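Spelled out, the chains give:
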Amino acid sequence: MTTVPVSAAKDVVAPGRGGVGDSVLRPDGTLKVTGEFAYASDLWIDGMLFGVTLRSPHARARIRSIDVGPALAVPGVEAVLTHEDVPGRKVYGLEHADQPVLAIGEVRHQGEPIALVAADHPETARHAAEQIRVGWEVLEPITDARAVIADPDSLRVQDRGGIARHQPVRVGDMVAARARAEVVVSGDFSVGIQDQAFLGPESGLAVPGEDGGIDLFVATQWLHNDLRQIAPCLGLPDEKVRMTLAGVGGAFGGREDLSMQIHAGMLALRTGRPVKIVYNRYESFFGHVHRHPALMRYEYGATRDGRILYADAEIVLDGGAYTSSTLAVVANAASLGLGPYEIPNIEIDAYGVYTNNPPCGAMRGFGAVQACFAYESMMDRLGEACGVGPVEIRRINAVGQGSKLATGQVIDSPAPLADMLTRLEAMPLPAPPDTADLRNLPGGVSQTTHGEGVARGVGYGVGIKNICFSEGFDDYSTARVRLEVVGGEATAVVHTAAAEVGQGLVTLQAQIARTELGVDRVVIQPADNGVGDAGSSSASRQSYMTGGAVKAACEAVRADVLALARERLGGTYEDLSLIGGKVVSASAGALAEIADVLGDRVVEQTREYHHRPTVAMDPVTGQGDTHVQLALCVHRAVVDVDVELGLVKVVELAAVQDVGKIMNRLSLEGQIHGGSAQGLGLALMEEIVVQDGLVRNPSFTDYLIPTILDMPPMRLDILESPDPAAPYGLRGAGEPPTLSSTPAIVAAVRDATGRALTRVPIRPEHICR
Amino acid sequence: MDFLRPTSWEEALAAKAERPEALPIQGGTDVMVELNFGVHRPAALLDLGPVRELATWEPLPDGSVRVGAGVPYARLIAELGDRMPGLAQAARTVGSPQIRNRGTVGGNLGAASPAGDAHPPLLAAGAAYEVESAAQGVRSIPATEFYLGVKRNALRPDELIRAFRLPPVAGPQYFSKIGTRNAMVIAVCSFSIALFPSERRVGTGLGSAAPTPLRAYAAEEFLADAADWDGDLDEAVAGRFGELVGAAASPIDDVRGTAEYRRHALGVMARRTLAWAWNDHRKGALECA
């Protein structure tokens, strides 16, 4: 048993008494607001060393030599490691193990890890890392994704080649459809690289165990999948790698890939001492994957009255040097590439390619975001060409329950898109700006206008997102629930490996336990791999999957408790339930306290929850029932634009989202606000700017995320059309608002300015040129 | 890295004389960022926080104001908004409330970044900077002679910035700054104007427009001559003023914006701020009459 570090996660008593449907407060909310919450960067254990990573300054280069001698000579340095010191497998990865733990003879992107240093002080480690001498042969980076598609054999960034995945979608008869089209619109669109910009940098602590294994305390999204990648690289069996979730300061997909986990483990195993690694903000920009940038070409043909006959689309996603989750991102872009519209004839080619640009992978919206900007821009173009308004053109082509997606998959649960659009359009519009307060105007207190040059615009956006993992993935979740008497009170203890990344699952687990077990007191145990896999905190899936697992485990516990009750009560009650701490008969009323029924017995059950099976997209036609569940969100944006200076103030965002079931309105509204803000960031400011494969703005000084003065008040209309296949009828809610807010804002800026605006984020010079 | 902590101005000057390589730090909003990013690794930091004299200001007999280099932006806004409106407007755009509680004009002058928000209003209003060394005492440097190059100023190695002085407010002043979000942003470019109606003169200051903050002299001279100081602002005159301000800039393309956009935006800001200032000036003249 190792010593537990200071600030490691502990059991949490869930606050409040609310069950499913109540706006219960987060157990960690007050701690986070007052600055007392222990994030992974706060981890501390006596005698620990500090690890630092030496990274590549080049986008593409051969490593001729590495001399670690000068670093080892620095007093206080305990270890300097390179790829030669990786104890097990030298590569890892989410979909393909193609990413070196430490560079082997070559670097393929700026910031690629080359060597590790452990020292008794972080400054010493940093100083020592700078002493490592690397002999470079700098190569011309491959940075043009379209060029790679044209010539994938010669433009090879790594052994797997130039194209990670090409996913076509072929539906209907394009030739006949083209012949029938009365209106044809087309466009080229592009999306820059967005970053997750979580505030808690990558951080963790590795503690060597007496059994030769290791205890890892890390901020991640998926403990078990980390483990599956870490253990082989450390040359350890799975059971010797004990994973505990440390406080996560935001994730948004950026913690699906490993960062410092194997590195800290290597240093700890080598030195026999605990090793902590914390990235600083600069390093964090190189320490995780970003959202894939996209180049997209679209053409739609339609009847004169706006009914779409065909869609022809090419979507190119640049994944950088390693596979990460590019394969699944491509599948989303292809299967959801035309949005929630009925289109009978389809030709889509979605590509994910390897380049020497920054590595890209998972980010909230995951491939569906990029395509959404293009297809929604196309809907506005089509509406304009047909003389049909933006809401009407969408309603004309909207899917509903029973419609087919591009993949041929039939939407078999409610999808009331036309109704959602009608509700959105009916919402009142905000008043004209009060120019007496600069904060209401574009530019804010920077005072670029007192109202001169300001024009208002309104725009709409629609998005569709798959919930849970797709394409045959069985991303099940496991929950262990225990019911026992603590201090005279029946207490439910919930244990899962699901990562709380800020989304509120920790709150929801307690709500479900209260509802299912009729108790007030719920204790949530730290997430670790002492319990089965919970899958990833991504794809908007944890309420569905871990919520489903907790519900199933609670139902099993409840059955046991009711059996005990029947035993004790002697009757043959068939109508028992657990309500308000009591065993209650529907016919005879309250019969006993749960605490009395339990006595000193402990009832514990573990359950796995699996969603319905799906299949991979057909490699030629793209057809198949690939998605578990689909979720819709629609946005209306109202903006004021300083057309002379190109500055934008988003005045209001209104959204209608169908969530199936509101599990916790407070938490849900937070998700919709946050997702919309992230979409606003992509529309107007958030971009990792890259030149020749090198990042030009790796800081929060120049990578701008929206502030409270950029994010407007929101008007929300949340619908509850239950999905019969999902627990409580719920629908994943975290990602959909991230999709539709971006095109809505861009459409509003177009409305105000008359500019085409085919790229996000919009820059001032795109508007006022 | 040594950390020097003088508790009085004399001690600070002595420390700087002894360790001219020591980097002065006041609010730390710039110095600490650069340290954290590894831009600098100075041999010593000279913490001016405990030097209380730096955090005071006083009106002088001639109506001008002398402000200690360590007065934070939040206090400039709260206490000096009427005596230096242009600078107070600029101060409102600096970072977040936390940064405005810590950051100082002294820090802006020490860093001498062309993007520093305080420089344009100080240039436009005709500020002078009081610097001092143990060996040679006090000297006053006009703002126009202070900025020598990108992040280079006229300070000698043993000198520290003591205060800045601004003449009495003679007319309307405005500050305007472009950023790609609506708060907490470094200037893509910025512009400040100060009217001196009794002298029939205008002052300007441009930020993030060239290697150093600068004045647009040709624009100032043009406006002084071409404007009807007793009448309304002629739109053509305002337009030409904007063009001349744009022409005074020698901006660059960088990650924050293009040179072309900066030149354009400076012209627009110049035209707009002039119109606001002229409006105030005419209103004031009419009210007096």
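Below you will find a few notes about this structure.

Criteria and cut-off values
Residues numbered from 1 in each chain as written. Chains lettered and ligands numbered in written order. Predicted model: local features only at pLDDT ≥ 70, side-chain atom pairs only at ≥ 80, totals over all residues. Heavy atoms only, no water. Helix = DSSP H or I, 4+ residues; strand = E, 2+ residues; numbered from the N terminus. Rg over C-alpha atoms; globule rule 2.2 N^0.38 Å. Buried < 20%, exposed > 50% of the residue type's maximum accessible area, 1.4 Å probe, protein only. Contact = heavy atoms within 4.5 Å. Areas by Shrake-Rupley, 256 points an atom, 1.4 Å probe, with all protein chains shown as cover. 1 Å grid on protein atoms, 1.4 Å probe; cavity = no way out; pocket = protein on both sides within 12 Å on 5 of 7 lines; lining within 4 Å. Points joined across faces, edges and corners; volume = space filled by probe spheres on them. Nonpolar A, V, L, I, M, F, W, Y, C, P; charged D, E, K, R; others polar. Pairing = 2+ DSSP bridges. Axes fitted to C-alpha atoms, helices over the stretch in contact; angles between N-to-C directions. Salt bridge = Lys/Arg side-chain N within 4 Å of Asp/Glu carboxyl O.

## Let's talk about the overall build of chain B
- Scanning chain B for helices and strands turns up ten helices and 13 strands.
- The C-alpha atoms of chain B give 19 Å as radius of gyration, which agrees with the globular expectation for 289 residues (19 Å, within 12%).
- Over its C-alpha atoms, taken along the principal directions, chain B stretches across nearly 60 × 45 × 35 Å.
- Looking at chain B as a whole, 56% of its 289 residues are labelled buried.
- Excluding contacts between residues fewer than 6 apart, the proportion of contacts in chain B whose partners are at least 24 apart in sequence is 61%.
- Put simply, chain B shows about 11,900 Å² of open surface, and 52% of that area lies on carbon and sulfur atoms.

## Some remarks on unusual backbone geometry
Residue and element names in this part refer to chain A.
- In this structure, P761 follows V760 across a cis peptide bond, with omega equal to -5°.
- With respect to the secondary-structure elements, P761 resides in the loop between β34 (759-760) and α18 (764-768).
- Here the phi dihedral of S324 falls at roughly 45°; this positive angle occurs in a residue that is not glycine.
- Within the secondary structure layout, S324 lies in the loop between β18 (308-318) and α9 (326-335).
- Given the relative accessible area of 4%, S324 is considered buried.
- Look at D692: it is not a glycine, yet its phi comes out positive at around 50°.
- Examined against the element boundaries, D692 turns out to sit in the loop between β31 (690-691) and β32 (694-695).

## Notes on the layout of surface pockets
- Here the second largest pocket defines a volume of roughly 980 Å³.
- The wall of the second largest pocket is formed by 30 residues, among which R126, N280, Y282 and E283 of chain A together with F37 of chain B lie closest to the centre.
- Those elements that place two or more of their residues in the lining of the second largest pocket are β2 (49-55), α3 (122-131), β15 (275-278) and α8 (281-287) of chain A together with α2 (31-36) of chain B.
- Split by residue class, the lining of the second largest pocket holds 14 nonpolar, nine polar and seven charged.

## Some words on α9 of chain A
Residue and element names in this part refer to chain A.
- Counting buried residues along α9, nine of its ten residues qualify, which places the element largely inside the surrounding structure.
- Among all positions in α9, only T326, L327, V329, V330, A331, N332, A333, A334 and S335 are buried.
- On its buried face, α9 sits against β10 (163-171), β18, β19 (345-353), β20 (360-361), α10 (368-386) and β21 (454-467).

## Considerations on the sheet that holds β2 of chain A
All names here are of chain A.
- Ordered by their spatial adjacency, seven strands build an open sheet running β4-β8-β2-β15-β12-β13-β14, and the pairing between neighbours is mixed. The sheet is open, and its two edges are formed by β4 (77-81) and β14 (241-245), each paired on a single side. Across this sheet, the average inter-strand angle for adjacent strands is 20°, counted without regard to direction.
- Here strand β13 (residues 214-218) pairs with β14 via five bridges, running parallel. Within β14, the residue paired with V218 across the bridge is L245.

## Some details on the pattern of salt bridges
- Taken as a whole and assessed by the stated rule, the structure comprises 67 salt bridges over all chains.
- With its nearest N and O atoms 2.6 Å apart, the salt bridge here joins E159 of chain B to R139 of chain B. Of this pair, E159 of chain B sits in the loop between β9 (152-153) and β10 (160-166) while R139 of chain B is found in strand β7 (residues 137-142), placing the two residues 20 residues apart along the sequence.
- A single network of salt bridges, built from pairs that share partners, joins R26, D28, K32 and E500 of chain A.

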